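Observations on chain architecture
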Amino acid sequence: MSTVPDHVPAELVKDFSYFTGPGMCPMRGGDPQGALAALHDGPPVFYAPNNTYDGYGTWVFVRAEDQRRVLQDAETFSSHRKIFEKALGYDLPTIPLEVDPPEHGAYRSLLNPLLSPKRVMAMEAANRARAVELIEGIKARGNDCEVMNEFAFPFAVGVFLEFLGLPQSRREEFLGWADKQFHGTPEERGEAIRTVIAFMQELVDLRRREPAEDFMTFVVQAKVDGREMTDKEAVGMGALLFVAGLDTVAAAIGFDFRYLAENPEQQEKLRAEPQGVVLAVEELLRAFPTVIMTRIASRDTEYDGIKIKAGDRISCPSMVANRDPQEFPDPNTIDLARPNNRHVAFAYGPHRCLGSHLARRELAIAMEEWLKRIPTFRLKDGVAPTTYGGHVFGIEDVRLAWGAAGR
Amino acid sequence: MKIRVVKEKCAGHARCWAQSPEIYDLDDEGYILDGDIDVPEGQERAAWLGAKSCPERALVIEDYKKDSAA
């Protein structure tokens, strides 16, 4: 698997991987996004022979402009990469992510209104109350906390349960699945995926039997191209929400709070001018995005003279495009008031993150309420969090303290 | 000043609307309304900023006079 295919010229092969090398392995005080900025000193497109968790090679597209061209061309660069096939033993496409246009359009049109910017505004009050409750709980416990376990994941999972119409009493159970799916061993991941799929199937059955006012009822009652929604489609939609909406939001909160802990003067600025939070969230999405967009060439093609064969994997790391000096002046400087911030944290093209508007609000709410309620905070005992690369970049154990030292 | 809307490139980021809601309107799915936009006098700056916020480059600025952007 990790041999270089014949059509890849030797001069485009680079010893590179999202899993090994500087900044990519789990390490304390790491900066995985910053570590990849140096790719802009090299070729705009190269081939990394061993660049997936299961040992496949990928093309890596470095520049924002090239990523835009690839991700906008869903016909040539398919998004159907069979994410669950290995764990399930059969292909169950997550929808709409793993469906290509033109079929993709029908699913997107169905789901877009549920997560449109205006619809997300209607969820604002409930989501804010959830954040406030968690933060007040932390405050009541003392002068320190671990952000990921005590705030970021419970918040993201809470919003997810609310959206799915599930009772908050299931939070611990979902947190356990999420932890295994995103941070477990390969066996644990497989098991968590099977558990989530089985859960979604049960939910589909339940909502067909007993309709309610919730997401899954909407999905199972919806028609695609004039026909009934199948179980497999409904499960694929529920599964995507789980995969895409939890770890990503939690990680973004972790990276945001780490940045603020290390930059108390920026905390003070935002406390004094909370209306700056919305732009700050955008800049931190640019600086610390976590997702790598993967596509598979659906046919032989040529990209600026480079031969790409059907079946080749194409990788578009958002964190690299977001440090492109041709797209962003002074890309490695974090400017929380950066204007014209057209970052690619939520991808480009038809598969633009369906939940982006909700995610943006979750991040802004988290930051606003945290800054409002918690005084100047720092990394507890100066210990930096552990960060890592991979298919989805992440951050662990973000320990903060404030006021007189912790518990 | 005119904004040419390349509707097929719109992916629903809604950044134009977030930046300048007085110029850019969205449909129920959160995507830009179809059709080019004639920018009213005095709103050139807002239109320019909104067009520049599009990650997909779906908004093309036409007949823009720089001195009107004050």
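This text goes with the structure placed above it.
Summarised in this report is the structure supplied together with it. As the structure is a prediction and not an experimental result, all values here were calculated from the model. (Residues numbered from 1 in each chain as written. Chains lettered and ligands numbered in written order. Predicted model: local features only at pLDDT ≥ 70, side-chain atom pairs only at ≥ 80, totals over all residues. Heavy atoms only, no water.)

A word on the nonpolar core. Residue and element names in this part refer to chain A. Core analysis: the biggest nonpolar cluster contains 95 residues, and Phe-151, Ile-253, Trp-370 and Leu-400 have the highest contact counts within it. Per element, the largest residue contribution to this core is 13 residues, and it comes from helix H6 (residues 147-164). Ignoring any residue separated from it by four or fewer positions in sequence, one finds Trp-370 in contact with Ile-135, Ile-138, Cys-145, Phe-151, Phe-257, Phe-377, Leu-400 and Trp-402. Within the second largest apolar cluster, 21 residues are counted, among which are Phe-77, Tyr-303, Ile-306 and Cys-316. (Core = buried A, V, L, I, M, F, W, Y, C linked by side-chain atoms within 4.5 Å. Buried < 20%, exposed > 50% of the residue type's maximum accessible area, 1.4 Å probe, protein only. Helix = DSSP H or I, 4+ residues; strand = E, 2+ residues; numbered from the N terminus. Contact = heavy atoms within 4.5 Å.)

All names here are of chain A. Tracing the backbone through its elements, the reader meets Ala-287 in helix H13 (residues 277-287). Along the primary structure Ala-287 and Leu-363 are separated by 76 residues, whereas in three dimensions their C-alpha atoms are 14 Å apart. Apart from the residues within four sequence positions on either side, Ala-287 is in contact with Gln-33, Arg-323 and Ile-334.

A few words on the pattern of salt bridges. All names here are of chain A. Counted by the stated rule, this structure contains 30 salt bridges over all chains. With a shortest N-O distance of 2.8 Å, Arg-128 and Glu-368 are connected by a salt bridge. With Arg-128 in helix H5 (residues 117-141) and Glu-368 in helix H15 (residues 356-373), this residue pair connects regions lying 240 residues apart in the sequence. For Glu-368, a relative accessible area of 18% puts it in the buried group. Note that Arg-170 is salt-bridged to Glu-173, the shortest N-O span being 3.0 Å. The partly exposed category is assigned to Arg-170, whose relative accessible area is 25%. Note on Glu-173: relative accessible area 34%, which makes it partly exposed. Each of Glu-124, Arg-128, Glu-136, Arg-361, Glu-368, Glu-369, Lys-372 and Arg-373 takes part in a single network of salt bridges with overlapping partners. (Salt bridge = Lys/Arg side-chain N within 4 Å of Asp/Glu carboxyl O.)

Facing the 21 residues of chain A at the interface are 22 residues of chain B. Together, the buried faces of chain A and chain B total about 1800 Å²; carbon and sulfur atoms form 46% of this surface. Interface area lost by chain A to chain B is led by Lys118(A), Arg342(A) and Arg352(A), which between them contribute 31%. Linking chain A to chain B there are three salt bridges. On the surface where chain A and chain B come into contact, there are 13 residue pairs in polar contact (both at pLDDT 80 or more). Where the side of chain A that touches chain B is concerned, the elements lending two or more residues are helix H2 (64-72), helix H4 (103-111), H5 and H15 of chain A. (Buried area = accessible area lost by both parts, 1.4 Å probe. Polar contact = N/O pair within 3.5 Å; in protein donor to acceptor, adjacent residues only side chain to side chain.)

It is worth spelling out the packing of H13(A) against H15(A) at this point. Residues and elements named next belong to chain A. Running from N to C, H13 and H15 cross one another at 120°; their axes reach a closest spacing of 9 Å. As far as their axial angle goes, H15 and H13 are oblique. Considering only the axes of H13 and H15, their crossing is right-handed. For the pair formed by H13 and H15, the contact residues are Val-277, Val-278, Ala-280, Val-281, Glu-282, Leu-284 and Leu-285 on the first element and Arg-360, Arg-361, Leu-363, Ala-364, Met-367, Glu-368 and Leu-371 on the second. (Axes fitted to C-alpha atoms, helices over the stretch in contact; angles between N-to-C directions. Parallel < 35°, antiparallel > 145°, perpendicular 65-115°, else oblique. Left-handed = near helix turned anticlockwise from the far one by under 90°.)

Glancing now at the sheet that holds strand S3 (residues 59-62) of chain B. All names here are of chain B. Spatially, the three strands line up as an open sheet ordered S2-S1-S3, and their pairing is antiparallel. Sheet topology places strand S2 (37-38) and S3 at the edges, where each strand pairs with a single neighbour. Here helix H2 (residues 44-52) sits on the sheet and contacts strand S1 (2-5) and S3; the angle it forms with S3, its principal contact strand, is near 145°. (Pairing = 2+ DSSP bridges.)

Attention now goes to the environment of Pro375(A). All names here are of chain A. By secondary structure assignment, the location of Pro-375 is in the loop between H15 and strand S12 (377-379). On the accessibility criterion, Pro-375 (42% relative accessible area) is partly exposed. Once the C-alpha coordinates of Pro-375 and Thr-248 are considered, the two residues, 127 residues apart in sequence, prove to be 26 Å apart.

Residue and element names in this part refer to chain A. Enumeration over the complete set of coordinates arrives at 21 aromatic pairs over all chains. A ring pair is formed by Phe-151 and Phe-257, whose centres lie 6.0 Å apart and whose planes are at 15°; its orientation type is stacked. With a gap of 106 residues between them, Phe-151 in helix H6 and Phe-257 in helix H11 (residues 247-262) connect regions that are remote in the sequence. When sorted by exposure, Phe-151 lands in the same class as Phe-257, which is buried. Taking 6.3 Å as the distance between ring centres and 40° as the angle between the ring planes, the aromatic pair formed by Phe-257 and Phe-377 counts as tilted. Note that Phe-257 is positioned in helix H11 and Phe-377 in strand S12, a separation of 120 residues in sequence. Across this residue pair, the class does not change: Phe-257 and Phe-377 are buried. Here a set of aromatic residues connected by ring pairs shows up, and it is made of Phe-151, Phe-155, Phe-257, Trp-370, Phe-377 and Trp-402. (Phe/Tyr/Trp six-rings, centres within 6.5 Å; stacked < 30°, edge-to-face > 60°.)

We now examine unusual backbone geometry. With omega at 5°, the peptide bond leading from Ile95(A) into Pro96(A) counts as cis. Phi is positive for Asp225(A), which is not a glycine, with a value near 50°. Residue placement: Asp225(A) occurs in the loop between strand S6 (223-224) and strand S7 (227-228). The backbone of Ala14(B) shows a phi angle near 65°, a positive value even though the residue is not glycine. Along the chain, Ala14(B) falls in the loop between S1 and helix H1 (15-19).

Before going further, it helps to examine the pairing of strand S11 (residues 313-317) of chain A. All names here are of chain A. When you tally the buried positions in S11, you get four out of five residues, the bulk of the element. Of the strand pairs in this sheet, strand S3 (residues 58-61) and S11 are connected by two bridges, and their pairing is parallel. What sits directly across from Trp-59, in S11, is Ile-314. As defined by bridge partners, strand S8 (residues 292-297) adjoins S11 across five bridges and the pair is classed as antiparallel. Considered in S11, the bridge of Arg-295 is made with Ile-314.

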